[in-house]
Amino acid sequence: MAITTSPQSLFRYEPVTPYPATITSSAWVRPTDWLSIPSISSGEQVVYALVAVYDNDSNYIAFLCQGNYTVDWGDGSQVQNVSSNVKTEYKFTYSSLPSNTTTSEGYRQALVKITPQAGQNLTVVNFNQKHSALPNGKNVNIIDLVLNIPNVTGGNLTISSTSAIALLNKVKRIWIKQVGALTNIAGLFSNLYALEDVPSFTTTNVTNFSYLFNSCTLLRLAPLLDTSNATNTSYMFQNCYFLTDVPLYNLSQSTSAYAMFNNCYSLQSIPTFNISKVQNTGAMFANCMNLRKMPELNTSSSTNFSNFLNGCTSLTSIPAFNTANVTDMTYAFASCTRLKEIPYLNTSKNTAFYHTFTNCYGLTTVPLFDTSNVTNMHRMFTGCVNLITVPPFNTSKVTAMSGMFEYCGRLQYVPTFDTSNVTTMTSMFIGCSSLQNLPSFNTSKVTDLSSFCNGCVSIPEIPSSFDMSKNTTLYHSFTSCFRLKTVPSWNIANVTNA
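Residues numbered from 1 in each chain as written. Predicted model: local features only at pLDDT ≥ 70, side-chain atom pairs only at ≥ 80, totals over all residues. Heavy atoms only, no water.

Once that is clear, we can look at the sheet that holds strand S6 (residues 108-116). Pairing within the open sheet is mixed, and its six strands lie in the order S4-S3-S6-S1-S8-S10. Each edge of the open sheet carries a strand with a single partner, namely strand S4 (80-82) and strand S10 (173-179). Strand-to-strand twist in this sheet, taken as the mean axis angle between neighbours without regard to direction, amounts to 15°. Sheet analysis places strand S1 (residues 46-53) next to strand S8 (residues 142-149), joined by six bridges and oriented antiparallel. Within S8, the residue paired with Val-46 across the bridge is Asn-148. (Pairing = 2+ DSSP bridges. Helix = DSSP H or I, 4+ residues; strand = E, 2+ residues; numbered from the N terminus. Axes fitted to C-alpha atoms, helices over the stretch in contact; angles between N-to-C directions.)

Below, the structure is given as structure tokens:
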């Protein structure tokens, strides 16, 4: 039967384009039909919460303060005095609010005011409280929150949570005008999906900034915060999809920045942060699809580079990072689809090249990395469709090479690696339609050769050096090898699936 389609056409790959729309940086503007927040004097202890009240039966609010406090619910009802550390809750009624508070979106407004009673201080403020009449997952319709709380210190300000559904998921602005010496603001604004504006506030004593803006999906501009004492900035802006700009934060004391900007799709540039003490840079910029350029960050202390730039589809080049202490480069540059070259990196301590360059469509070759301690090269170059050749890596400790060159359609030559410790070569060359010859690998420990060179339409023979004595599967190993003429005599006594 004649083959009417060229073998090469069986393996086609289209480059992934960057995130299609770049969000323009712009400051949030408070709607003109919102009720005004009264002026606040220096040292005054007060919290204002502007609540959207809808014409339905879901207008609940709850919060807790430490220090006996007074609440004016802003709807003309009786002012309420509440004891310290007691949760107070309320249900608004749309019809009880003046019609002149109605906004263009149809809801009416109530301006709640919280103040300490005479001789008292607000030392704890907690808005992450559920109304007793609400099941899990219901929301509180605060749209603007302004806090002047000079006696709240430590970790005693709670607005949201990293471990639960955000109750304030309609809030657009949170303005902390004055606050005491906070030390922990981890997850303070986490999961506030509608949040668009957070003016700068005092964070001089804060050490933990982790999850601070996690999943604030509409936040476009990050506030300038004092991060000089920050030791943990992990997940700080994770899932801030529309974030376009960040200031030059002082990260000189941070030791972990894991996933700090993970999934910041709209971020186009970053400042040259001082991350000289950061040990964990894993996923720090993963999926920053619009990031055009990487500065020369000092990564000398980093031990974890896994997913560092995974999914940065707009990058065309990267600096020669200091990776002398890195032990894990798993997925480090995966899906950097426009990356044209990789500089030489010190990988002498690295043990894992697992998926490191997966789907780097633009690469044609890579440097001779020090791979003397690497044990895993699983799918190292999967989908590198323009890769033509690779250098003779030291693979003496490698045990896994499955999918190492999977779908490298232009790959023509591979050195004879030391494969004496390799146990799996599953799909190692699947789809390598331009590969001219198979190297004489030592396969004496290989137990799985399934789909080994499925689709290698150009190879004429299989080396006689292949030892099949421990192999258990030859499933699809040489499928679609159209030019294959000879097969050696093998011991396939242990093969159960051919």
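Attention now goes to the nonpolar core. Phe-189, Phe-285, Phe-381, Phe-405 and Phe-429 are the most contacted members of the largest nonpolar core, which has 134 residues in total. Counting residues per element, the ones that place at least two in this core are S1, strand S2 (60-66), strand S3 (69-72), S6, S8 and S10. Residue contacts for Phe-405: discarding those within four places in its chain leaves Phe-381, Leu-387, Val-390, Leu-411, Val-414, Phe-417, Met-428, Phe-429, Ile-430 and Cys-432. Core analysis: the second largest hydrophobic core is formed by eleven residues, Ile-40, Leu-111, Ile-143 and Val-146 among them. (Core = buried A, V, L, I, M, F, W, Y, C linked by side-chain atoms within 4.5 Å. Buried < 20%, exposed > 50% of the residue type's maximum accessible area, 1.4 Å probe, protein only. Contact = heavy atoms within 4.5 Å.)

A word on unusual backbone geometry. The phi angle at Asn-359 is positive, at roughly 60°, despite the residue not being glycine. Of note, Asn-359 is situated in the segment after S10. Using a relative accessible area of 24% as the deciding quantity, one classes Asn-359 as partly exposed. Even without glycine at this site, His-476 takes up a positive phi of about 55°. For His-476, a relative accessible area of 35% translates into the label partly exposed.

Right, let's get into the pairing of S3. Both S3 and S4 contribute to a ladder of three bridges, which runs antiparallel. Paired with Thr-70 across the strands is Asn-81, a residue of S4. Across four bridges, S3 lies against S6 in antiparallel orientation. Counterpart to Asp-72 in the pairing with S6 is Lys-113.

On to the side chain of Thr-323. Tracing the backbone shows Thr-323 in the segment after S10. Judged by its relative accessible area of 0%, Thr-323 is buried. The contacts of Thr-323, once residues within four sequence positions are left out, are Phe-305, Leu-345, Asn-346 and Thr-347.

Along the chain, Arg-220 falls in the segment after S10. Residues Arg-220 and Tyr-193, 27 residues apart in the sequence, show an inter-C-alpha distance of 12 Å.

Another aspect to go through is the sheet that holds S2. On the basis of which strands lie adjacent, the open sheet formed by four strands has the order S5-S2-S7-S9 and mixed pairing. The sheet terminates laterally at strand S5 (86-91) and strand S9 (157-158), the two strands that pair on one side only. Of the strand pairs in this sheet, S2 and strand S7 (residues 124-126) are connected by three bridges, and their pairing is antiparallel. Looking at S7, one finds that Leu-64 is bridged to Asn-126.

Turning to the pairing of S8, a few remarks are in order. Counted residue by residue, S8 has eight buried out of eight residues, so it is predominantly covered. Strand direction decides the pairing type here: S8 and S10, joined by six bridges, are parallel. Bridged to Asn-148 within S10 is Gln-178.

Take the pattern of salt bridges next. When the charged atoms of two side chains lie near each other, side chains of opposite charge can form a pair. By the definition in use, this model includes six salt bridges. With a closest N to O distance of 3.9 Å, Glu-89 and Lys-87 form a salt bridge. Taking relative accessible area as the criterion, Glu-89 reaches 26% and is therefore assigned partly exposed. Note on Lys-87: relative accessible area 34%, which makes it partly exposed. Counted as one network, the salt bridges with shared partners bring together Arg-30, Asp-144 and Arg-173. (Salt bridge = Lys/Arg side-chain N within 4 Å of Asp/Glu carboxyl O.)

Turning next to the environment of Asn-81. Residue placement: Asn-81 occurs in strand S4. Through-space distance from the C-alpha of Asn-81 to that of Thr-115 is 9.7 Å; in sequence the pair is 34 residues apart. Sequence-distant contacts of Asn-81, defined by excluding residues within four places in its chain, comprise Tyr-69, Thr-70 and Gln-117. A distance of 2.7 Å separates polar atoms of two side chains, one belonging to Asn-81 and the other to Thr-70. (Polar contact = N/O pair within 3.5 Å; in protein donor to acceptor, adjacent residues only side chain to side chain.)

We now examine the confidence of the model for the protein. Chain-level statistics for the protein give a pLDDT mean of 92 and a share of 94% at 70 or above. In the model, residues 1-22 has pLDDT below 50 throughout and makes 34 contacts with residues more than four positions away in sequence or in other chains. (pLDDT = per-residue confidence, 0-100.)

Turning our attention to the packing of aromatic side chains. Per the counting criterion, the structure on display carries 41 aromatic pairs. Between Phe-353 and Phe-357 the ring centres are 6.2 Å apart and the planes differ by 25°, which places this aromatic pair in the stacked class. Of the residues examined, Phe-353 reaches a relative accessible area of 0% and is grouped as buried. Look at Phe-357 and you get buried, because its relative accessible area is 1%. Where Phe-393 meets Phe-417, the ring centres are 6.3 Å apart and the plane angle is 15°; that geometry is what we call stacked. (Phe/Tyr/Trp six-rings, centres within 6.5 Å; stacked < 30°, edge-to-face > 60°.)

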